[in-house]
Amino acid sequence: KQEVTQIPAALSVPEGENLVLNCSFTDSAIYNLQWFRQDPGKGLTSLLLIQSSQREQTSGRLNASLDKSSGRSTLYIAASQPGDSATYLCAVRPNTNAGKSTFGDGTTLTVKP
Amino acid sequence: DAGVIQSPRHEVTEMGQEVTLRCKPISGHNSLFWYRQTMMRGLELLIYFNNNVPIDDSGMPEDRFSAKMPNASFSTLKIQPSEPRDSAVYFCASSAQSGLGYTFGSGTRLTVV
């Protein structure tokens, strides 16, 4: 059974810092890994999707990496801003493609002005 | 595309009443997922469908919960009778089997009093 862990559960940084959020998974037989952002009281917004054959994806100040062999993904946020404050979740989809993803519990990020 | 559309956005009902949540997935997406999110338990997968067929309903908490997908553009999650412990945000998500990742709806916030 796939297990997805996100550490730390909460992170607070001053504005302008670069930061890394971690996602670990136990079964490397994955189809893709997806990072989401959730603002309080809102739904999940997809940030980046990495296919199993890819090593990283970039969107603006965000960069996500994937290392299947070690069961790890990182989400790098450059030059953090108060508007980046949210909960970030990763989801791992099994290599059956049609299967259900396993979500981590998320890291709640606070960026202080 | 309007994204995944859920209705209603908010629902307040009395214990014992029947509640029906609705979801319209993104056109062309083959998979549909129902999730429940609470502070205590995080994001829980209740059931998912592939090509309108329920694949895994092991997350459905009990017989009071039922879900249907009569066609590719519509799904319902029904709770009958509702209980206060069913209070949560219920999300619907859809995905194409091409592996493009999940798209979530904005959720239905259910309060059972």
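A look at the overall build of chain A
Here comes step 1: Assigned secondary structure in chain A consists of zero helices and 11 strands.
Here comes step 2: Overall, chain A shows an N-to-C arrangement of helices and strands of β-β-β-β-β-β-β-β-β-β-β.
Here comes step 3: C-alpha atoms of chain A, sized along the principal axes, occupy 45 × 25 × 20 Å.
Here comes step 4: In chain A, buried positions account for 46% of the 113 residues.
Here comes step 5: For chain A, the share of sequence-separated contacts (at least 6 apart) that also reach a separation of at least 24 residues comes to 55%.
Here comes step 6: When the accessible surface of chain A is summed, it comes to about 5,300 Å², and 48% of that surface belongs to carbon and sulfur atoms.
Here comes step 7: In chain A, 10 side chains carry a positive charge and 9 a negative one; their mean positions are 5 Å apart.

Considering the sheet that holds strand E8 (residues 74-79) of chain B
Residue and element names in this part refer to chain B.
Here comes step 1: Ordered by their spatial adjacency, four strands build an open sheet running E1-E3-E8-E7, and the pairing between neighbours is antiparallel. Here the strands that pair on one side only, and so sit at the sheet edges, are strand E1 (5-7) and strand E7 (65-71). For this sheet, the mean inter-axis angle between neighbouring strands, taken without regard to orientation, is 15 degrees.
Here comes step 2: Relative to E8, strand E3 (residues 19-24) runs antiparallel, the two sharing five bridges. By the bridge assignment, Cys23 is partnered in E8 with Ser75.

Let's talk about the interface of chain A and chain B
Here comes step 1: Counting from both sides, the interface comprises 19 residues of chain A and, opposite them, 23 residues of chain B.
Here comes step 2: With both chains or domains summed, chain A and chain B bury close to 1,500 Å², and 48% of this area falls on carbon and sulfur atoms.
Here comes step 3: Taken together, the connections running from chain A to chain B amount to zero salt bridges.
Here comes step 4: For the pair chain A and chain B, the interface holds four residue pairs in polar contact (both at pLDDT 80 or more).
Here comes step 5: Of all the secondary-structure elements, those providing two or more residues to the side of chain A that touches chain B are strand E4 (30-38) and strand E5 (44-51) of chain A.

A closer look at the nonpolar core
What tends to happen in soluble globular proteins is that the nonpolar side chains get buried as a cluster.
Here comes step 1: Counting 22 residues, the largest nonpolar core has Leu33(A), Trp35(A), Leu75(A) and Ile77(A) as its most contacted members.
Here comes step 2: Looking at this core, the elements that each hand over two or more residues are strand E3 (19-25), E4, E5, strand E7 (62-67), strand E8 (72-77), strand E9 (86-94) and strand E11 (107-112) of chain A.
Here comes step 3: Excluding its chain neighbours within four sequence positions, the residues that come into contact with Leu33(A) are Cys23(A), Phe25(A), Leu48(A), Leu49(A), Ile50(A), Leu66(A), Ser73(A), Cys90(A), Ala91(A) and Val92(A).
Here comes step 4: Core analysis: the second largest hydrophobic core is formed by 21 residues, Cys23(B), Trp34(B), Phe65(B) and Ala88(B) among them.

As for the state of the cysteines
Here comes step 1: In total, this model carries two disulfides over all chains according to the counting rule given.
Here comes step 2: Each sulfur of the disulfide joining Cys23(A) and Cys90(A) lies 2.0 Å from the other. Judged by the torsion about the S-S bond (75 degrees), the Cys23(A)/Cys90(A) disulfide is right-handed. With a gap of 67 residues between them, Cys23(A) in strand E3 and Cys90(A) in strand E9 connect regions that are remote in the sequence.
Here comes step 3: Among the residues examined, Cys23(A) registers a relative accessible area of 0% and is labelled buried.
Here comes step 4: For Cys90(A), a relative accessible area of 0% puts it in the buried group.
Here comes step 5: One disulfide in the model links Cys23(B) with Cys92(B); its S-S distance is 1.9 Å. Measuring the twist about the S-S bond at about -65 degrees, one finds the Cys23(B)-Cys92(B) disulfide to be left-handed. With Cys23(B) in strand E3 and Cys92(B) in strand E9 (residues 88-95), this residue pair connects regions lying 69 residues apart in the sequence.

Details of the environment of Asn71(B)
All names here are of chain B.
Here comes step 1: Positionally, Asn71 belongs in strand E7.
Here comes step 2: Along the backbone, Asn71 and Gly105 are 34 residues apart, and their C-alpha atoms lie at a distance of 18 Å.
Here comes step 3: A distance of 3.2 Å separates a polar atom in the side chain of Asn71 from the backbone nitrogen of Phe74.

What counts, and where the lines are drawn
Residues numbered from 1 in each chain as written. Chains lettered and ligands numbered in written order. Predicted model: local features only at pLDDT ≥ 70, side-chain atom pairs only at ≥ 80, totals over all residues. Heavy atoms only, no water. Helix = DSSP H or I, 4+ residues; strand = E, 2+ residues; numbered from the N terminus. Buried < 20%, exposed > 50% of the residue type's maximum accessible area, 1.4 Å probe, protein only. Contact = heavy atoms within 4.5 Å. Areas by Shrake-Rupley, 256 points an atom, 1.4 Å probe, with all protein chains shown as cover. Lys, Arg positive; Asp, Glu negative; His and termini not counted. Charge placed at Lys NZ, Arg CZ, Asp CG, Glu CD. Pairing = 2+ DSSP bridges. Axes fitted to C-alpha atoms, helices over the stretch in contact; angles between N-to-C directions. Buried area = accessible area lost by both parts, 1.4 Å probe. Salt bridge = Lys/Arg side-chain N within 4 Å of Asp/Glu carboxyl O. Polar contact = N/O pair within 3.5 Å; in protein donor to acceptor, adjacent residues only side chain to side chain. Core = buried A, V, L, I, M, F, W, Y, C linked by side-chain atoms within 4.5 Å. Disulfide = S-S within 2.5 Å.

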